[in-house]
Protein chains: 2
Amino acid sequence: MKMNKGRLIVFSAPSGCGKGTMLAEILKNERFRCSVSATTRSPREGELDGINYHFLTREDFERHIAAGEFLEYAEYCKNFYGTLVSEVDSYLEKGINVILEIEVQGAMKIKQKRPDAIFVFIAPPSIGELTRRLRKRGTESDEVIAERVSQAAGEIAMAEKYDYVIVNDALEDAVSDFFAVIRAEELKAVCSGEIINEVLKNA
Amino acid sequence: MKMNKGRLIVFSAPSGCGKGTMLAEILKNERFRCSVSATTRSPREGELDGINYHFLTREDFERHIAAGEFLEYAEYCKNFYGTLVSEVDSYLEKGINVILEIEVQGAMKIKQKRPDAIFVFIAPPSIGELTRRLRKRGTESDEVIAERVSQAAGEIAMAEKYDYVIVNDALEDAVSDFFAVIRAEELKAVCSGEIINEVLKNA
């Protein structure tokens, strides 16, 4: 059977939802990789070009914008950050699923450009549990935590705009749910035209 | 969290696709059951009312038709066969997924009435493999096998009308694909409005 193209997966989660741990588990599977963003900010110590970011000059970044070569981009603190179409599509062509970790606003921009992408939102079991997780880190003041929780609540309220919502209560279950979602998307009949033809063809 | 309602699953497979073996595996999970059809034909030896079929008189069956109480029905060899709405809905209400094993034409009738049902088509790896499987049974003449294969090809060509197509090459993979499909359907954001509200509510 022919190799299927990879799928673009838009992956969003409020801070404290265990997104990093989930992604680390998911990326153990070779059929998945995370998209590397492009940025105009300077590399920090230890950051490698093409691994942590694609480090571009402002001139280059703007040229890519003008050429419509970004799937999405935004400016934060006077630096540009964005996802190059080429970064994503080169892997999709190879049959690798590309995960784009992005916040809700950016995700909605991508929905317009790539309605074929799979939109997955990771939610905490509850706002109370999210607060406890953030406190447990012990790195932030109560004020900062309250702000993060309020921001998370706003993002969770947007979860219905996604295709799937996975509640990350137990890591193993959440990762298994993620793979179920991707497998089901591969099995969708609209994607199976080619498979059906092969079934009918092959004696 | 509140118990979700069960889902109606329309399950079709041409003869020789391993539907029976797959269903036997799926039904080991208590959250799934097969819908029991109603019929006007007489019980055969060993058949039990409510287990193999709901055995109805022709008068009763026609009364249910008139009352619009069938999800679908058809007449074969002067007997009626059909699925009562009540048979399906009573289990869905209890959170049990109800599998309706039905051929393609019947499935399409249900699609109009219950667009929320999940339509799953089981395909053989190839027409050649299907032919080999049917021959291996050793119960049918070459002529009957050729007829079955030709009918199967016609049904497979309809597979794109379903939501999902699962190729039953290895039983274990096909069953795992089936559960992935149902899990993904449960995780769909459109089904998650209630879950999202609970996440936001629960401190």
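Starting from 1, residues in each chain are numbered consecutively following that chain's sequence as written. Labels are handed out in written order, letters beginning with A for the chains and numbers beginning with 1 for the ligands. Given that this is a predicted model, residues contribute local features only at a pLDDT of at least 70 and side-chain atom pairs are listed and counted only at 80 or more, while totals for whole chains, interfaces and linings are drawn from all residues. Heavy atoms from the whole structure form the basis of all side-chain values; hydrogens and water molecules are not counted.

## Observations regarding the interface of chain B and chain A
Next, step 1: Contact criterion: two residues are considered in contact whenever any of their non-hydrogen atoms come within 4.5 Å of each other. Taken together, the contacts link 35 residues of chain B with 35 residues of chain A.
Next, step 2: Here the quantity called buried area is the accessible surface, traced with a 1.4 Å probe, that two parts lose on coming together, added over both. Both faces considered, chain B and chain A share a buried interface measuring about 2800 Å² in area, 69% of it formed by carbon and sulfur atoms.
Next, step 3: One speaks of a salt bridge when a side-chain nitrogen belonging to Lys or Arg is within 4 Å of a carboxyl oxygen belonging to Asp or Glu. Across the contact surface, chain B and chain A share two salt bridges.
Next, step 4: A salt bridge links Arg183 of chain B to Asp177 of chain A, with the shortest nitrogen-to-oxygen separation between them at 2.7 Å.
Next, step 5: What qualifies as a polar contact is a pair of N or O atoms within 3.5 Å, subject to a donor-acceptor requirement within protein and to the restriction that residues adjacent in sequence count only when both atoms come from side chains. At the junction of chain B with chain A, the criterion picks out eight residue pairs in polar contact (both at pLDDT 80 or more).
Next, step 6: Mapped onto the side of chain B that touches chain A, the elements with two or more residues apiece are helix 5 (127-137), helix 6 (142-156), strand 9 (164-167), helix 7 (171-187) and helix 8 (193-201) of chain B. Each helix is a run of DSSP H or I of at least 4 residues and each strand a run of E of at least 2, with the numbering of both proceeding from the N terminus.

## Examining the relation of the copies chain B and chain A
Next, step 1: Residues reaching a pLDDT of at least 70 in both copies supply the C-alpha atoms on which the copies are superposed by least squares. It takes a turn of 180 degrees to lay chain B on chain A, together with a shift of 0.0 Å along the axis; the resulting RMSD is 0.0 Å. What we have between these two chains is a two-fold relation. Relative to the rotation axis, the closest C-alpha in chain B is found at Ala180 of chain B, a distance of 2.2 Å.
Next, step 2: With an isologous cut-off of 70% or more, the 100% of interface residues of chain B that recur at the interface of chain A puts this contact in the isologous class.

## Describing unusual backbone geometry
Residues and elements named next belong to chain B.
Next, step 1: Despite not being glycine, Cys77 shows a phi value in the positive range, around 45 degrees.
Next, step 2: Counting through the fold element by element, Cys77 comes out in the loop between strand 5 (70-76) and strand 6 (79-84).
Next, step 3: Exposed residues in this analysis have more than 50% of their type's maximum accessible area, buried residues have under 20%, and partly exposed residues fall in between, with area computed by a 1.4 Å probe over protein chains only. Taking the relative accessible area as the measure of exposure, Cys77 reaches 74% and is therefore exposed.
Next, step 4: One non-glycine residue with positive phi stands out, namely Lys78, at about 65 degrees.
Next, step 5: Within the secondary structure, Lys78 is located in the loop between strand 5 and strand 6.
Next, step 6: Owing to a relative accessible area of 73%, Lys78 belongs among the exposed residues under this scheme.

## Here's the deal with the sheet that holds strand 7 (residues 97-101) of chain B
Hydrogen bonding along the main chain pairs the strands of a sheet, whether they run parallel or antiparallel.
Residues and elements named next belong to chain B.
Next, step 1: Taken in spatial order, the five strands line up as 2-7-1-8-9 in an open sheet, and their pairing is parallel. The open sheet is flanked by strand 2 (32-34) and strand 9, the only strands paired with a single partner. Mean inter-strand twist for the sheet, computed between neighbouring axes without regard to direction, equals 25 degrees.
Next, step 2: By the convention used here, strands pair only if DSSP detects at least 2 bridges between them. Relative to strand 9, strand 8 (residues 118-123) is paired through four bridges, and the arrangement is parallel. The residue of strand 9 that forms the bridge with Ile122 is Ile166.
Next, step 3: Only the stretch in contact is used when fitting a helix axis, every axis being a line fitted to C-alpha atoms; angles between N-to-C directions are given from 0 to 180 degrees. Running over the sheet, helix 4 (residues 104-113) touches strand 1 (8-12), strand 7 and strand 8 and is turned about 155 degrees from strand 1.

## Some points on the confidence of the model for chain A
Next, step 1: A score between 0 and 100, pLDDT records how confident the predictor is in each residue. On average, residues of chain A score 92 in pLDDT, and 98% of them reach the 70 mark or higher.
Next, step 2: The ipTM for the predicted assembly is 0.87, set against a pTM of 0.89.

## Points about the pairing of strand 6 of chain B
Residue and element names in this part refer to chain B.
Next, step 1: Within strand 6, five of the six residues are buried, leaving the element largely enclosed by the surrounding structure.
Next, step 2: In the sheet, strand 3 (residues 38-39) pairs with strand 6 via two bridges, with the strands oriented antiparallel. Across the sheet, residue Ala38 finds its bridge partner in strand 6, namely Gly82.
Next, step 3: When strand 5 meets strand 6, the two strands line up antiparallel, connected through six bridges. Within strand 6, the residue paired with Tyr73 across the bridge is Gly82.
Next, step 4: In this antiparallel pair of consecutive strands, strand 5 and strand 6, the connection spans two residues, and Cys77 shows a positive phi of 45 degrees.

## Let's talk about the packing of aromatic side chains
Pairs of aromatic rings are described using the distance from one ring centre to the other and the angle between the two planes.
Residue and element names in this part refer to chain A.
Next, step 1: Planes of paired rings set the category: under 30 degrees apart is stacked, over 60 is edge-to-face and the rest tilted, where pairs are Phe, Tyr or Trp rings (Trp by its six-membered ring) whose centres lie within 6.5 Å. This structure, assessed with the given rule, holds 28 aromatic pairs over all chains.
Next, step 2: Residues Phe121 and Tyr162 carry aromatic rings whose centres are separated by 5.2 Å and whose planes lie at 65 degrees to one another, so their mutual orientation is edge-to-face. You can see Phe121 sitting in strand 8 (residues 118-123) and its partner Tyr162 sitting in the loop between helix 6 (142-156) and strand 9 (164-167), a full 41 residues away along the chain. Each of the two residues, Phe121 as well as Tyr162, counts as buried.

## Thoughts on helix 6 of chain B
Next, step 1: Expected span, for any helix, means 1.5 Å times one less than how many residues it has. Given a rise of 1.5 Å per residue, 15 residues ought to cover 21 Å, and the 21 Å separating the end C-alpha atoms of helix 6 of chain B matches this to within 8%.
Next, step 2: Every buried residue of helix 6 of chain B is accounted for by Ile145, Val149, Ala152, Glu155 and Ile156 of chain B. For helix 6 of chain B, the arc enclosing every buried residue in end-on projection is 120 degrees, short of the 170-degree limit, so these residues lie on one face. Looking at helix 6 of chain B, the residues exposed on the side facing more than 90 degrees away from the buried face are Glu143, Glu147 and Ser150 of chain B.
Next, step 3: Along its buried surface, helix 6 of chain B packs onto helix 8 (193-201) of chain A together with helix 4, strand 8 and helix 5 of chain B. Here, the arc refers to the directions that run from the helix axis to the C-beta atoms.

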